[in-house]
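# Reading the structure
If you want the building blocks of each chain, they are given just below.
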Amino acid sequence: MKKSTDADLALSKSAVKISVDLLSNPLCEQDQDLLNMVTALDTAMKRMDAFNQEKVNQIQKTVIEPLKKFGSVFPSLNMAVKRREQALQDYRRLQAKVEKYEEKEKTGPVLAKLHQAREELRPVREDFEAKNRQLLEEMPRFYGSRLDYFQPSFESLIRAQVVYYSEMHKIFGDLTQQLDQPGHSDEQRERENEAKLSELRALSIVADD
């Protein structure tokens, strides 16, 4: 997402730079019609850049930052899972110790060791059960809440895109009307462009060596 917004910004900044460079070209000083067209283009590019910046700011605030906050939960969640796994290992180790003494002949020393092993097992089992119960209760809630958490971000993203592309349609529609020459077909414009290119190619400064 961030790479996409950065690319959009770079594109609009490049478009503004091109229009500014065109305005500073001496040819614009010699041709009023060209100056008018380049000025219209420059205005359109700056409008586009402004709306693009606004779109990027909106996406940063309503999508990227919430994503980062949501992602920050995972280290704590992973740590809780690891603590549960460690508690399970401790529980299994002591449970195996209890079972070993239960299988032995019930002599005095064995019964004493069995009692001690059961006493060691009890708090470890309670700790594991508490950690396990917590994950069983909270994991489904965490998983189920993701849609509620991200829905406003998705709605904001869609609205930002709708506003941006609606404005782009208007900006370039206005630019087309300003640059359009009434009564000229696409074929006529293409022929005129080719004629102008031919004139440029004929100049000595661009002629092939």
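Residues numbered from 1 in each chain as written. Predicted model: local features only at pLDDT ≥ 70, side-chain atom pairs only at ≥ 80, totals over all residues. Heavy atoms only, no water.

### Points about the packing of helix H4 (residues 73-103) against helix H5 (residues 108-179)
At their nearest, the axes of H4 and H5 sit 8 Å apart, and the two run at 155 degrees to each other. Relative to H5, the element H4 lies roughly antiparallel. When you trace H4 past H5, the crossing you get is left-handed. Residues that form the contact of H4 with H5 fall into these classes: 20 nonpolar, 2 polar and 11 charged. (Axes fitted to C-alpha atoms, helices over the stretch in contact; angles between N-to-C directions. Helix = DSSP H or I, 4+ residues; strand = E, 2+ residues; numbered from the N terminus. Parallel < 35°, antiparallel > 145°, perpendicular 65-115°, else oblique. Left-handed = near helix turned anticlockwise from the far one by under 90°. Nonpolar A, V, L, I, M, F, W, Y, C, P; charged D, E, K, R; others polar.)

### Comments concerning the UniProt feature "coiled-coil region" (unreviewed entry) in the protein
In the numbering used here, UniProt assigns the feature "coiled-coil region" (unreviewed entry) to residues 77-104. Annotated as residues 77-104, this span is 96% helix and 0% strand, and its ends, taken at the C-alpha atoms, are 41 Å apart. (UniProt positions renumbered as here; feature names shortened; annotations may be inferred.)

### With respect to the packing of helix H3 (residues 32-71) against H5
Interaxial distance between H3 and H5 falls to 10 Å at its minimum, and their mutual angle equals 180 degrees. The orientation of H3 relative to H5 falls into the category roughly antiparallel. By residue class, the composition of the contact of H3 with H5 is 23 nonpolar, 7 polar and 7 charged.

### Some remarks on H3
Under the 1.5 Å per step criterion, the end-to-end length of H3 is 56 Å for 40 residues, consistent within 8% with the ideal 58 Å. Considering bend angle alone, the principal kink of H3 is centred on Gln 60 and spans about 40 degrees. (Expected span 1.5 Å × (residues − 1). Bend = angle between axes of the 7 residues up to and from the residue.)

### Overview of the side chain of Ser 153
Position of Ser 153 relative to the elements: it lies in helix H5. If sequence neighbours within four positions are ignored, Ser 153 has contacts with Thr 62, Val 63 and Pro 66. (Contact = heavy atoms within 4.5 Å.)

### Remarks on the pattern of salt bridges
One pass over the structure, following the stated rule, counts 11 salt bridges. In this structure, Asp 21 and Lys 17 form a salt bridge, with 3.0 Å as the shortest nitrogen-oxygen distance. Of this pair, Asp 21 and Lys 17 are both found in helix H1 (residues 2-23), 4 residues apart, which corresponds to roughly one turn of the helix. Judged by relative accessible area, which is 39%, Asp 21 ranks as partly exposed. Judged by relative accessible area, which is 53%, Lys 17 ranks as exposed. One network of salt bridges, with partners in common, ties together Arg 47, Lys 170 and Asp 174. (Salt bridge = Lys/Arg side-chain N within 4 Å of Asp/Glu carboxyl O. Buried < 20%, exposed > 50% of the residue type's maximum accessible area, 1.4 Å probe, protein only.)

### Digging into H4
Its 31 residues place the ends of H4 45 Å apart at the C-alpha level, agreeing with the 45 Å of an ideal helix rising 1.5 Å per residue. For H4, the complete set of buried residues consists of Leu 77, Ala 80, Arg 84, Ala 87, Leu 88, Tyr 91, Leu 94, Val 98 and Tyr 101. Along its buried surface, H4 packs onto H5.

### Quick look at the side chain of Asp 42
Looking at where Asp 42 falls in the secondary structure, it is placed in helix H3. The residues contacting Asp 42, other than those within four sequence positions of it, are Val 16, Ser 19, Val 20 and Leu 23.

### Focus: the confidence of the model for the protein
The share of residues in the protein with pLDDT of 70 or more is 86%, and the mean pLDDT across the chain is 82. Confidence, read as mean pLDDT per element, is least for helix H6 (residues 186-202) in the protein (69) and greatest for H4 (89). (pLDDT = per-residue confidence, 0-100.)

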